[in-house]
Amino acid sequence: MAGRKLIKLKTPLGRETVSGLMAGDVVSLDGEIFTLRDKAHKRVFDLLKSGKEIPFDLREQAIFHAGPIMRKTKQGWKVVVIGPTTSARLESFEPELIKRFKIRAVIGKGGMGKETADAMRETGCVYLAAVGGAAALLSQGIKKVAGVFWLNENGEAEAVWQLQVKDFGPLIVAIDAHGKNLFTENENSVKGKEQKQIVMLTRICL
Amino acid sequence: MVVLGSGIKKQQFVEAIVEAMRKAIVFGSDANKREIEKQRREETCGLAKLQLGQMLENFKVARKKRIPLCQDTGVPIFYARVGSKFKLNFDLREALGEAVRKATKEIPLRANIVHPVSRENTGNNCGLGFPFVFFDFFNGNYLEIVFCPKGGGSENMGRLRMFEPTAQIEEVKRFIVETVAEWMGKCCPPCTIGIGIGGGADICLNLAKKATLREPDERNKDKKIAEMERELLEKINGLGIGPMGLGGKHSALAVNIEIAGTHTATLPVGIANNCWPGRKATTRFYNNGKIRIN
């Protein structure tokens, strides 16, 4: 990690802790996280729109864009493997979700857009990037399944899983609470290099 | 001519396919792992090195604990090559379905097949056309089944363009570079990028997918196509996408191109990719009961 120290964080993350993080920091989490992906986001907003209660408390929580493989044992639900899904699909929901519930951390892969980054700056929230496909490794940080919501309605992959975690990570602070977004920065850098690479493509090949 | 051996029993077949699926899902590709090790050695960007290191650690943990590398275990698509002298004694599609249901329970796999409109999950990775099986026949004495699952993220990045037949090859190369730049980190790079040129709209996408099954260090046998593969990889690396789109020296494991003849009025180009774990298993069944999983 070349001089980069792992910052150990404990949930619930307060605004002050989150404000102290900078894009490029590498962190791990102890505490509790909620998985929330496509169907779950939609259901939260459908319930809010119709004035109905949400059966779990998202206030100041850390959410994880993930659809795990689960196994039911005699001792209850166990996570077989869990890893991040592409966060970009949830861009239309996230700014509102962050502002309404003061979400402190969003864990996912591939980053999110400007509106989410703005909501993160306004509220005090960070985007923590996990390595896509490295689910076996990441799952070692899951200690216990504390609860599940909407299992029958959404199915196993899309249910809301309440997970207790220890040394969950390492995760990269890719969007901090000060507006810095490593994904969009790299995207701009790539766009800048794109023309140069294209111009260099040879004209004659076959 | 006498063909020795009485063929494979259905139960043997089902168990071998489950084993092959487990191999793909849990072990991934050694060639990809070697390439990621090489990229990590060459990488100078701290965050890129960190993430490549996690990929390597992930191979270790998955293989040690015999759990899936990634929670997105893809969808069951098989490529079957049936040898003319192979004694097929059972319904191949039905047997593959049985293997998929068994694999879903045992490996386990995530249930990933939903109705395209209602989004209702079939629950066991079967139904509504799945498992999909593509058949080819050849003159030989074995049955070969290839299983190559990949995540939805990489699948969603597939692209097709029907170029004018008079388009210059550099336009095709530009399309490829622009597409990969658009993908950024959404397909879990570094991926194996597959390009199919020619055939037809459906065929070029099949060629692109076939291209992703080649190892990262295996170049096309045609020297000029191989040169195009090298050039595109160089330009794609020059974009600086890096592992998971956070920047770095390498943005892909390989660019593989497959070509086919095409209608004189067309130039179809398909782009596919296979994410970094490189999940794949090839099983060969022989009449004498021998089974080989690679």
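Structure: see above.
All of these numbers come straight from a predicted model, not from anything done at the bench.

## Quick word on the overall build of chain B
Across its full length, chain B holds eight helices and nine strands. For a compact globule of 294 residues, the expected C-alpha radius of gyration is about 19 Å, and chain B comes in at 20 Å, within 12% of that figure. Projecting the C-alpha coordinates of chain B onto the three principal axes gives extents of approximately 55 × 50 × 45 Å. Residues counted as buried form 46% of the 294 residues belonging to chain B. Counting only contacts in chain B whose residues sit at least 6 apart along the sequence, the fraction spanning at least 24 positions is 79%.

## A short note on the interface of chain A and chain B
Contacts between the two partners involve 50 residues from chain A and, on the opposite side, 49 residues from chain B. Counting residues per element, the ones that place at least two in the side of chain A that touches chain B are β4 (69–73), β5 (76–81), α5 (135–138), β9 (160–175) and α7 (182–199) of chain A. Among the elements that take part in the side of chain A that touches chain B, α7 of chain A stands out by supplying 11 residues, more than any other. The class makeup of the residues in the side of chain A that touches chain B is 27 nonpolar, 14 polar and nine charged.

## Here we look at the packing of helix α6 (residues 169–183) of chain B against helix α8 (residues 223–238) of chain B
All names here are of chain B. For the pair α6 and α8, the least separation of the axes is 10 Å and the interaxial angle reads 35 degrees. Read as a crossing pair, α6 and α8 show a hand that is right-handed. Touching K173, I176, V177 and V180 of α6 are L232, K235 and I236, all from α8. Among the residues forming the contact of α6 with α8, the class breakdown is five nonpolar, no polar and two charged.

## Focus: the pairing of strand β6 (residues 105–108) of chain A
Residues and elements named next belong to chain A. Burial of β6 is two-sided: the residues A105 and I107 facing one way and the residues V106 and G108 facing the other way are all buried. Two elements, strand β3 (residues 62–64) and β6, share three bridges in a ladder whose sense is parallel. By the bridge assignment for β6, I63 is matched with V106. One ladder, built from four bridges, connects β6 with strand β7 (residues 126–129); its direction is parallel. Each bridged residue has a counterpart across the sheet, and for A105 the counterpart in β7 is V126.

## Let's talk about the sheet that holds strand β6 (residues 252–259) of chain B
All names here are of chain B. Read across the sheet, four strands follow the order β4-β7-β5-β6 without closing on themselves; strand pairing throughout is mixed. If you trace the sheet from one side to the other, it starts and ends with β4 (159–163) and β6, each paired once. Neighbour-to-neighbour, the strand axes of the sheet open up by a mean angle of 15 degrees, direction not taken into account.

Cut-offs applied
- Residues numbered from 1 in each chain as written.
- Chains lettered and ligands numbered in written order.
- Predicted model: local features only at pLDDT ≥ 70, side-chain atom pairs only at ≥ 80, totals over all residues.
- Helix = DSSP H or I, 4+ residues; strand = E, 2+ residues; numbered from the N terminus.
- Rg over C-alpha atoms; globule rule 2.2 N^0.38 Å.
- Buried ≥ 20, exposed ≤ 12 C-beta atoms within 10 Å, placed from the backbone.
- Contact = placed C-beta atoms within 7 Å.
- Nonpolar A, V, L, I, M, F, W, Y, C, P; charged D, E, K, R; others polar.
- Axes fitted to C-alpha atoms, helices over the stretch in contact; angles between N-to-C directions.
- Left-handed = near helix turned anticlockwise from the far one by under 90°.
- Pairing = 2+ DSSP bridges.

Geometry only, nothing functional implied.
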